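Fold and geometry: a report
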Amino acid sequence: MFALVDCNNFYASCERLFRPELEGQPIVVLSNNDGCVIARSNEAKALGIPMGAPEFKYRKQMQAQGVHVFSSNFPLYGDLSARVMSVLEKLSPDLEIYSIDEAFADMRGFNHYDLYLHGLKVRRIVRQWTGIPVSIGMASTKTLSKIANHVAKKTPRTNGVFIFENQTQIDNVLKKIEIGDVWGVGRKWSDSLKNNGIISAHDLAQADENWIRRKYSVVMQRTVQELKGKSCISIEDLPEKKQLLVSRSFRERVTSFQHLRSLLMGYISRACEKLRRQGSVAKSISLFIRTSPFSEGAGYSNSMSISLNQYTADTSTLIKAGAYALERIFKPDYEYQKAGIMLLDIVPDHFQQLCLFQAEKYNDAARKRMKLLDHINAKYGKQTLRFAAESKKRWYMHQDHLSPAYTTRWEDLLVVR
DNA sequence: TCTGGGGTCCTAGGACCC
DNA sequence: TCTGGGGTCCTAGGACCC
């Protein structure tokens, strides 16, 4: 038995937690740059604001309807997520944190429990200890537990906990679930499946597995098996990250090479900090730049990867490689809208394969420099010490509706009177 | 004027090997 | 006129997730 615990409208709930007067009010949270809607409270959903809606297209409507708009505040969401997960870890021993607002739990060993009552208890404790409302779905496979969770969210009389008990019940629910709402079926596949007469989750569960495998992939075949109740996807330990991406859309279009370069070098610096914090090293870097896909006329998009001859977490080495790549792919006279860098071929520092002609891991002096750099920036604030190649402001973003970092900055702590 | 950021997995096809 | 069979490794691109 698997349980899926999912926070309800997570980002919106986080914002509401510190603004209790917004209980029952419509709330939306915007993506970086205040670009589009990435989270909505139930009230906002009811007003017909779609997921992914560009902010500028809905500004008037949202103002007229009194929607409370927030810029995304990831330090806040990350911290509250960690609190929720730590409570869940106490309640369910085998937990897989699947995303910022979801976790799967292996419920084997809970056979002598009343699972429904246990679910209610977990829900109550998480709410009481963190203030975040969650829903819980349970079933014999991960894919079905996703669907059970959906039922728990949509059906008030479940009290936020729903468990698939028998096949008749599963069949009845699957018939009502649209194919596109099944975990693992995105828009492309959903369109294609519909053309082949597969409309509901139940249709997919009945489909011929071999045909699915041939026409789509082994991934979709697994989804079919999971819908039938045969578990193919197990609880996983948190795997090491294999790639690390830092990218941003720009607030204003960037045209100059110097400017683009200084921004990208800042991204590299940021990525290297993350890499060192997780105790890893990387051996290749990829860099991309592009114009807006929405603007008319000829656009330009290009990327380049560079392989290093040894693993490293040294910012200056990677900045050099990144700068080289940018010189190759930069074309003048374009208005760049987005750029980013990716570190690839990442392994734990203690696990790296050395080069035949290289006696030791990456340069001792560089290692010490990075340690010092991280130490100073941790103590005196971000970018106290930075590379000359990176811009002082790493990215300039629109964040016109940002809430305080209530739980991660001393200055933003709530004051109780 | 304005449309996010950060990931994973699988497959096809090319380059290469004997 | 006729040109094998069996493999590995890597990369780009496409699908998916939240």
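Keep in mind that what you see is a predicted model, and the values were worked out from it rather than measured.

Turning our attention to the overall build of chain A. The number of helices and strands found in chain A is 14 helices and 12 strands. Relative to its length of 417 residues, chain A is compact, with a C-alpha radius of gyration of 24 Å against a globular reference of 22 Å. Classification of the 417 residues of chain A by burial places 47% in the buried group. Across chain A, the fraction of contacts at a sequence separation of at least 24, relative to all contacts at a separation of at least 6, is 67%. Summing over all exposed atoms, chain A offers an accessible surface of approximately 22,600 Å²; the carbon and sulfur share of this is 51%.

Here E102 lies in strand β6 (residues 102–106). Judged by relative accessible area, E102 falls into the buried class, the value being 10%. With residues up to four places along the chain from it excluded, the contact list for E102 reads L4, V5, D6, M85, E96, I97 and K146.

With that settled, the discussion passes to the sheet that holds strand β8 (residues 161–163). One open sheet holds the 5 strands; their spatial order is β5-β6-β1-β7-β8, and the pairing between them is mixed. Each edge of the open sheet carries a strand with a single partner, namely β5 (95–99) and β8. Going from strand to strand, the sheet's axes swing by 15° on average, the running direction of each strand aside. In this structure, strand β1 (residues 2–7) lies alongside β6, joined through 5 bridges in antiparallel fashion. Its bridge partner lying in β6, D6 is registered against E102. Packing against the sheet, helix α6 (residues 142–154) makes contact with β1, β5, β6, β7 (134–139) and β8, and its axis sits at approximately 140° to β7.

Mapped onto the elements, A46 comes out in helix α2 (residues 42–46). For A46 and G184, which are 138 residues apart along the polypeptide, the C-alpha to C-alpha distance reads 26 Å.

Here we take up empty space enclosed by the protein. Within this structure, the stated rule accounts for 2 cavities of 30 Å³ or more. The space that makes up the largest cavity amounts to roughly 60 Å³. Of all the elements, helix α5 (residues 115–130) adds the most residues to the lining of the largest cavity, at 3 residues. Roughly 30 Å³ of volume is contained in the second largest cavity. Together, R248, S249, F250, R251, W395, Y396 and M397 line the second largest cavity. Across the lining of the second largest cavity, the residue classes tally to 4 nonpolar, 1 polar and 2 charged.

Attention now moves to the nonpolar core. Formed by 44 residues in total, the largest nonpolar core has its most connected members in L260, L264, I289, I341 and L343. Elements supplying a minimum of two residues to this core: β9 (244–254), α12 (257–277), β10 (280–291), β11 (301–312), α13 (315–329), β12 (336–348) and α14 (364–380). Element by element, the count of residues in this core is highest for α12, at 9 residues. Beyond its immediate chain neighbours, meaning those up to four positions away, I341 contacts L244, L245, V246, L264, Y267, I268, A271, S286, L287 and F288.

Running from N to C, α6 and helix α7 (residues 167–176) cross one another at 75°; their axes reach a closest spacing of 11 Å. By the angle between their axes, α6 is roughly perpendicular relative to α7. For the pair α6 and α7, the contacting residues are L144, I147 and V151 in the first and I170, V173 and L174 in the second. Looking at the contact of α6 with α7, its residues break down into 6 nonpolar, no polar and no charged.

With that settled, consider the protein's contact with DNA strand B. DNA strand B sits among 22 residues. The nearest are R222, Q243, L245, S247 and S249. Among atoms of DNA strand B positioned within 4 Å of the protein, sugar and phosphate together represent 69%. The side chain of K242 places a nitrogen or oxygen atom 3.0 Å from a phosphate oxygen of DNA strand B. Within the contact set of DNA strand B, a phosphate oxygen lies 3.1 Å away from a side-chain nitrogen or oxygen of R248. Of all the secondary structure elements, the ones that give two or more residues to the surface near DNA strand B are α3 (55–64), α11 (218–227), β9 and β12. Of all the elements, β9 adds the most residues to the surface near DNA strand B, at 7 residues.

A full pass over the atoms with the stated rule returns 17 aromatic pairs. Consider the rings of Y11 and Y77, whose centres lie 4.4 Å apart with planes at 10°: the pair is stacked. Here Y77 lies in helix α4 (residues 74–91) and Y11 lies in helix α1 (residues 10–17), a separation of 66 residues in the sequence. You'll find Y11 and Y77 in the same group, each marked buried. With a centroid separation of 6.0 Å and an interplanar angle of 70°, the aromatic rings of W189 and Y216 are classed as edge-to-face.

Analysis parameters
- Residues numbered from 1 in each chain as written.
- Chains lettered and ligands numbered in written order.
- Predicted model: local features only at pLDDT ≥ 70, side-chain atom pairs only at ≥ 80, totals over all residues.
- Heavy atoms only, no water.
- Helix = DSSP H or I, 4+ residues; strand = E, 2+ residues; numbered from the N terminus.
- Rg over C-alpha atoms; globule rule 2.2 N^0.38 Å.
- Buried < 20%, exposed > 50% of the residue type's maximum accessible area, 1.4 Å probe, protein only.
- Contact = heavy atoms within 4.5 Å.
- Areas by Shrake-Rupley, 256 points an atom, 1.4 Å probe, with all protein chains shown as cover.
- Pairing = 2+ DSSP bridges.
- Axes fitted to C-alpha atoms, helices over the stretch in contact; angles between N-to-C directions.
- 1 Å grid on protein atoms, 1.4 Å probe; cavity = no way out; pocket = protein on both sides within 12 Å on 5 of 7 lines; lining within 4 Å.
- Points joined across faces, edges and corners; volume = space filled by probe spheres on them.
- Nonpolar A, V, L, I, M, F, W, Y, C, P; charged D, E, K, R; others polar.
- Core = buried A, V, L, I, M, F, W, Y, C linked by side-chain atoms within 4.5 Å.
- Parallel < 35°, antiparallel > 145°, perpendicular 65-115°, else oblique.
- Near = heavy atom within 4 Å.
- Polar contact = N/O pair within 3.5 Å; in protein donor to acceptor, adjacent residues only side chain to side chain.
- Phe/Tyr/Trp six-rings, centres within 6.5 Å; stacked < 30°, edge-to-face > 60°.

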